[in-house]
Amino acid sequence: MVGVLIADDDPLVRAGLAMMLGGAPDLRVIAEAGDGAEVLPLVDRHSPDVVLMDIRMPRMDGLAATEALRARPRAPEVIVLTTFDADEHILRALRAGAAGFLLKDTPPGEIVAAVRQVARGLPVLSPAVTRRLIARVAVADHERRRAHAVDRLGLLNDREREVAVAVGQGWSNAEIGSALHLSVPTIKTHVSGILTKLGLNNRVQIALLVHDAGLLDQNE
């Protein structure tokens, strides 16, 4: 059973999401928050597996709540909910370790599937959405981020770097294995090693770091 916490300041939205998720036999809404400031205490009390996090809430917004939550050990996965498409706010949430985002008008079946997916440790961004998000990031501090990303990726060996770039291109483990002539379990081991070495939470963060380092431009 996957425990879910819903954080949204609109009680009607919370009720709709609770009804939607409550119809799935393997999902259970165990807590609801009307503000980001309520999220951390509720997580401590109920230990959810997944948090559905609205961005715009009073007092503490969903971005600050996501950053505070994902900075803690054994944090639940976070799916950001929004009424607008990709912008710098979504990217900030992903950099903090959110597993992805969903528009609030996403069909119920897709929301249920997304919760199940992130509970298994998988992001809910398709490669196309990931690349579109990355392409729209504001680049005012581009050079600083590039230098930082290059330094971080310097911790990887040559094979891990190849795998990281392939992840940044949105390739699946099977596609990476085929291109590098390695088995899927070996690719999974490399991805896990990359996450551990770089202190990252998921493949989306690998893709963002590879982008910041300018490695996707070199592989177009």
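Residues numbered from 1 in each chain as written. Predicted model: local features only at pLDDT ≥ 70, side-chain atom pairs only at ≥ 80, totals over all residues. Heavy atoms only, no water.

A. Highlighting the confidence of the model for the chain. Looking at the chain, pLDDT values average 87 and 89% of them are 70 or higher. Element-level mean pLDDT values for the chain span from 60 in helix 6 (residues 127-135) up to 97 in strand 1 (residues 2-7). (pLDDT = per-residue confidence, 0-100. Helix = DSSP H or I, 4+ residues; strand = E, 2+ residues; numbered from the N terminus.)

B. The pattern of salt bridges, seen in detail. Applying the stated criterion across every chain yields a total of 11 salt bridges. One salt bridge connects Arg59 with Asp35, and the closest N-O pair in it is separated by 3.5 Å. Separated by 24 residues along the polypeptide, Arg59 in the loop between strand 3 (50-54) and helix 3 (62-70) and Asp35 in the loop between strand 2 (27-33) and helix 2 (39-46) bring together distant segments of the chain. Judged by relative accessible area, which is 72%, Arg59 ranks as exposed. The class for Asp35 is buried, based on a relative accessible area of 3%. Residues Arg70 and Glu77 are paired through a salt bridge, measuring 3.9 Å at the closest nitrogen-oxygen approach. Of the two residues, Arg70 and Glu77, both sit in the buried class. (Salt bridge = Lys/Arg side-chain N within 4 Å of Asp/Glu carboxyl O. Buried < 20%, exposed > 50% of the residue type's maximum accessible area, 1.4 Å probe, protein only.)

C. Inspection of unusual backbone geometry at higher detail. Here Arg74, not a glycine, exhibits a phi torsion of approximately 55°, which is positive. Structurally, the position occupied by Arg74 is in the loop between helix 3 and strand 4 (77-82). Backbone geometry at His181 places phi at a positive 60°, although glycine is not the residue there.

D. Examining the packing of helix 10 (residues 184-198) against helix 11 (residues 203-212) more closely. At their nearest, the axes of helix 10 and helix 11 sit 10 Å apart, and the two run at 70° to each other. The angle between helix 10 and helix 11 falls in the class roughly perpendicular. Residues Val191, Ile194, Leu195 and Leu198 of helix 10 lie in contact with helix 11, whose contacting residues are Arg203, Ile206 and Leu209. Of the residues contributing to the contact of helix 10 with helix 11, the split by class is 6 nonpolar, no polar and 1 charged. (Axes fitted to C-alpha atoms, helices over the stretch in contact; angles between N-to-C directions. Parallel < 35°, antiparallel > 145°, perpendicular 65-115°, else oblique. Contact = heavy atoms within 4.5 Å. Nonpolar A, V, L, I, M, F, W, Y, C, P; charged D, E, K, R; others polar.)

E. Spatial organisation of the environment of Arg28. Here Arg28 is to be found in strand 2. Judged by its relative accessible area of 49%, Arg28 falls in the partly exposed class. The sequence separation of Arg28 and Pro48 amounts to 20 residues, and the corresponding C-alpha distance is 9.3 Å.

F. Focus on the packing of helix 2 against helix 3. Look at helix 2 against helix 3: their axes get within 10 Å of each other, and the N-to-C directions meet at 40°. When the axis of helix 2 is compared with that of helix 3, the two are oblique. Touching Val39, Leu40 and Val43 of helix 2 are Ala65, Ala68 and Leu69, all from helix 3. Partitioned by chemical class, the residues of the contact of helix 2 with helix 3 number 6 nonpolar, no polar and no charged.

G. Quick look at the pairing of strand 1. With 6 of 6 residues buried, strand 1 is to be regarded as a mostly interior element. With burial as the criterion, each face of strand 1 is covered, one bearing Val2, Val4 and Ile6 and the other bearing Gly3, Leu5 and Ala7. Sheet topology places strand 1 next to strand 2; 6 bridges connect them, and they run parallel. Looking at strand 2, one finds that Val4 is bridged to Val29. For the crossover that starts at strand 1, traverses helix 1 (residues 11-22) and ends in the parallel strand 2, the hand is right-handed. (Pairing = 2+ DSSP bridges. Right-handed = clockwise from strand over helix to strand, strands pointing away.)

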